[in-house]
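# Descriptive analysis of the structure
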Amino acid sequence: MTGVAIIGLQWGDEGKGKISYLLSRDAEYVVRFQGGANAGHTVVLDDRELRFNMLPAGSASGAKPCIASGTVVDLSEVLEEIELLKSIGISTQPLISRNACIVLPIHKELDSMIEQIRSSEAIGTTRRGIGPAYSDKALRIGIKIEDLLDSGSLKSKIKLIEDFHKLPVGDIEEWVKLAEKFSGNICDLEIILNDELDRGKKIIFEGAQGTLLDIDQGTYPYVTSSNTTIGAVFTSCGVGPRKISEIIGVMKAYTTRVGAGVFPTELKNREGDILREKGREYGTTTGRPRRVGWLDIPLLRYSIMINSIDWIALTKLDVLGGIRKIKICIEYDINGERVEMAPPNVRTLEKAKPVYIHLDGWSALTREEWKKVAVKGWDALPENAKIYIEIIEKLLSRPIKLVSVGASAGMEVAK
Ligand code: IMP
């Protein structure tokens, strides 16, 4: 039984796509279990950048893509990404849980409307209709994938949504046609995943967004509308906790955030601009510039605690090359008290003043030089980069087993 979960430890964009691809290479299935087309997971193969919004990025490895019931599905994205996989020689159809709810055109409209109403307090959503799709689901007026295959009941369900929102849902003929196209793959995913795990098959559960965007555990209201943490694997896929043998946390070597909300270590200066440019910190889904800051250990400690993380994959270490002094926030000062663990409450977190340690950086390496490091392995990393990693391991009490030093698959070092 090898269920492996991949969870983002920050505010998303940690590089889960690449890690999922690497770990999916010997997996049978890879599953998206929450969120929708708000996610932007990238895999770079031979300098070709593949972007996934709806299918798990791990499917670029050839593992069978699955979409579990706790997601909100944008079928047109699914279709596009099936074509994307075809373009790299992978001909596959995703398995889609019949219980997953779909994102309707009206949800995207509502997403924009709510953001406008919020005005200066807008969340900065991806406008992919995620919040409204999940809220319709919670109101029990959501449309499930299987409803698209039953034209009789579909009409009354659409009417209910239209009556409630007092808006037309939009043209969903296209959705019905797509569902018919996928009908052979709309399935009882829960049974398949459990059976396959029982048969010893490896399954990767690919998280989207990050722990701090979790609707319960994140920095509410500046969060997404799903649970992005480990519990979502169980509730969404119908797979019990004992079937997950490994929980991997993915974190960037610094911190980023898209959209509004608290960010204790944010850099609003030139240093931040440099980091943004070097790390190409612009949203995969929306192209928006990301806010950037130093590593925040108290928040990471919280993420590790609530997800039971076993080990860490550290990404974008190369981006820090060339920075003379690197800071790490090791604790907060909250109302004059030193705190090691981020508080699970936004109002308190807003009062947190980061306490930093300063470390010597290392020289900037060219891509070619990082490539050589990746080939040679751990010992070839710059000395101060190794120290940086080892200090993080100590501060978080977890091993960092994989270090990514470039976007392409192959640009990583195992420890
Ligand atoms: P929504 O998920 O589109 O409703 O957006 C809610 C918040 O989550 C916004 O701050 C988004 O920027 C953020 N968000 C959603 N998906 C991602 C992601 O994949 N990476 C980073 N931030 C995300």
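Residues numbered from 1 in each chain as written. Predicted model: local features only at pLDDT ≥ 70, side-chain atom pairs only at ≥ 80, totals over all residues. Heavy atoms only, no water.

### Here we look at the pattern of salt bridges
According to the stated counting rule, one finds 26 salt bridges in the structure shown. Here the salt bridges share partners, and the residues they tie into one network are Asp13, Lys252, Glu281, Arg290 and Lys316. (Salt bridge = Lys/Arg side-chain N within 4 Å of Asp/Glu carboxyl O.)

### Considering the packing of aromatic side chains
This model, assessed by the stated rule, comprises two aromatic pairs. Ring centres 5.2 Å apart and planes at 50 degrees place the aromatic pair Trp11 and Phe263 in the tilted group. Separated by 252 residues along the polypeptide, Trp11 in the loop between strand 1 (2-8) and helix 1 (16-24) and Phe263 in the loop between strand 12 (255-257) and helix 9 (270-278) bring together distant segments of the chain. Measuring from centroid to centroid gives 6.0 Å for Trp362 and Tyr388, while their planes differ by 55 degrees, and the two rings are tilted. Linking Trp362 in the loop between strand 18 (353-360) and helix 12 (367-376) with Tyr388 in helix 13 (residues 383-396), this pair joins segments that are 26 residues apart in sequence. Overall, Trp362 belongs to the buried group, its relative accessible area being 6%. Residue classification places Tyr388 among the buried positions, given a relative accessible area of 1%. (Phe/Tyr/Trp six-rings, centres within 6.5 Å; stacked < 30°, edge-to-face > 60°. Helix = DSSP H or I, 4+ residues; strand = E, 2+ residues; numbered from the N terminus. Buried < 20%, exposed > 50% of the residue type's maximum accessible area, 1.4 Å probe, protein only.)

### Section: the side chain of Arg128
Assignment of secondary structure puts Arg128 in the loop between helix 3 (105-118) and helix 4 (130-138). With sequence-adjacent residues up to four places away left out, Arg128 is seen in contact with Ala37, Asn38, Asn53, Glu77, Val103, Lys108, Asp111 and Thr285. (Contact = heavy atoms within 4.5 Å.)

### Examining the site of the ligand
Among the 16 residues in the neighbourhood of the ligand, the closest are listed as Asn38, Thr126, Thr224, Val258 and Arg288. In this structure, a nitrogen atom belonging to the ligand sits 3.1 Å away from a side-chain N or O atom of Asp13. A distance of 3.3 Å is found between a nitrogen atom of the ligand and a side-chain nitrogen or oxygen belonging to Gln209. When isolated, the ligand has an accessible area of 470 Å², and the protein chains bury 97% of it. (Near = heavy atom within 4 Å. Polar contact = N/O pair within 3.5 Å; in protein donor to acceptor, adjacent residues only side chain to side chain. Areas by Shrake-Rupley, 256 points an atom, 1.4 Å probe, with all protein chains shown as cover.)

### Re the domain arrangement of the chain
As far as domains go, the chain holds domain 1 (2-97 + 185-248), domain 2 (101-180) and domain 3 (251-414). For domain 1 and domain 3, the distance between their C-alpha centres works out to 23 Å. Each partner contributes to the interface: domain 1 provides 37 residues, whereas domain 3 provides 42 residues. Around 3,100 Å² of area is buried between domain 1 and domain 3 when both sides are counted, 59% of it from carbon and sulfur atoms. The largest contributions to the domain 1 side of the interface with domain 3 come from Leu9, Trp11 and Lys18, which together make up 23% of the buried area. Run the count over domain 1 and domain 3 and you get four salt bridges. (Domains from an automatic or database assignment. Buried area = accessible area lost by both parts, 1.4 Å probe.)

### Regarding the environment of Glu80
In this structure, Glu80 sits in helix 2 (residues 75-87). Here the alpha-carbon distance between Glu80 and Gln34, two residues 46 residues apart in the chain, equals 19 Å.

### Looking at the sheet that holds strand 15 (residues 311-315)
An order of 9-7-5-2-10-1-11-15-19-20 is seen for the ten strands of this open sheet, with the pairing classed as mixed. Edge positions in the open sheet fall to strand 9 (186-187) and strand 20 (412-414), since each of these has one partner strand only. Pairing geometry for strand 1 and strand 11 (residues 244-252), over six bridges, is parallel. Opposite Gly3, over in strand 11, you have Ile244 as the bridge partner. (Pairing = 2+ DSSP bridges.)

### What about the nonpolar core?
Formed by 61 residues in total, the largest nonpolar core has its most connected members in Phe205, Leu317 and Tyr388. Among the elements that line this core, the one with the most residues is helix 13, at six residues. A domain split of this core shows at least three residues from each of domain 1 (2-97 + 185-248) and domain 3 (251-414). Contacts of Phe205, omitting those with residues within four sequence positions, involve Gly3, Val4, Ala5, Ile6, Val31, Phe33, Leu193, Leu197, Val233, Cys237, Val239 and Ile244. Ranked by size, the runner-up nonpolar core spans 53 residues in total, among them Leu50, Leu104, Ile145 and Ala179. (Core = buried A, V, L, I, M, F, W, Y, C linked by side-chain atoms within 4.5 Å.)

### With respect to helix 2
In this model helix 2 runs 19 Å from its N-terminal to its C-terminal C-alpha over 13 residues, within 8% of the 18 Å that 1.5 Å per residue would give. Buried positions along helix 2 lie against strand 4 (48-52), strand 5 (64-67), strand 6 (72-73), strand 7 (95-97) and helix 6 (173-181). Within two residues after helix 2, Gly89 carries a phi angle of roughly 85 degrees, on the positive side. (Expected span 1.5 Å × (residues − 1).)

### Comments concerning the pairing of strand 10 (residues 202-206)
A large share of strand 10 lies buried, amounting to five of its five residues. Relative to strand 10, strand 1 is paired through five bridges, and the arrangement is parallel. Bridge pairing in strand 10 links Val4 to Ile204.

### Some details on helix 1
Across the nine residues that make up helix 1, a large majority, nine, are buried. Within helix 1, the full set of buried residues consists of Lys16, Gly17, Lys18, Ile19, Ser20, Tyr21, Leu22, Leu23 and Ser24.

### Description of the side chain of His165
As for its position among the elements, His165 is in helix 5 (residues 151-165). Not counting residues up to four positions away in its chain, the partners in contact with His165 are Ile106, Leu110, Asp136 and Ile141.

### Remarks on the packing of helix 2 against helix 6
The geometry of a pair of packed helices is captured by two quantities: the angle between their axes and the separation between those axes. Close contact between helix 2 and helix 6 brings their axes to 9 Å; oriented N to C, the two are set at 50 degrees. On the basis of their axis angle, the class for helix 2 and helix 6 is oblique. Both helix 2 and helix 6 take part in a crossing whose hand is left-handed. Taken together, the residues of helix 6 that come into contact with helix 2 (itself represented by Leu75, Ser76 and Leu79) are Glu174, Trp175, Leu178, Ala179 and Lys181. By residue class, the composition of the contact of helix 2 with helix 6 is five nonpolar, one polar and two charged. (Axes fitted to C-alpha atoms, helices over the stretch in contact; angles between N-to-C directions. Parallel < 35°, antiparallel > 145°, perpendicular 65-115°, else oblique. Left-handed = near helix turned anticlockwise from the far one by under 90°. Nonpolar A, V, L, I, M, F, W, Y, C, P; charged D, E, K, R; others polar.)

### A look at unusual backbone geometry
That bond from Tyr220 to Pro221 is cis: its omega, 5 degrees, falls within 30 degrees of zero. Tracing the chain through its elements places Pro221 in the loop between strand 10 and helix 8 (231-237). The backbone of Lys166 sits at a positive phi, close to 55 degrees, despite the residue not being glycine. One can find Lys166 in the loop between helix 5 and helix 6. Look at Lys166 and you get exposed, because its relative accessible area is 70%. A positive phi angle is found at Arg280, which is not glycine, with a value near 45 degrees. Assignment of secondary structure puts Arg280 in the loop between helix 9 and strand 13 (291-293). Note on Arg280: relative accessible area 57%, which makes it exposed.

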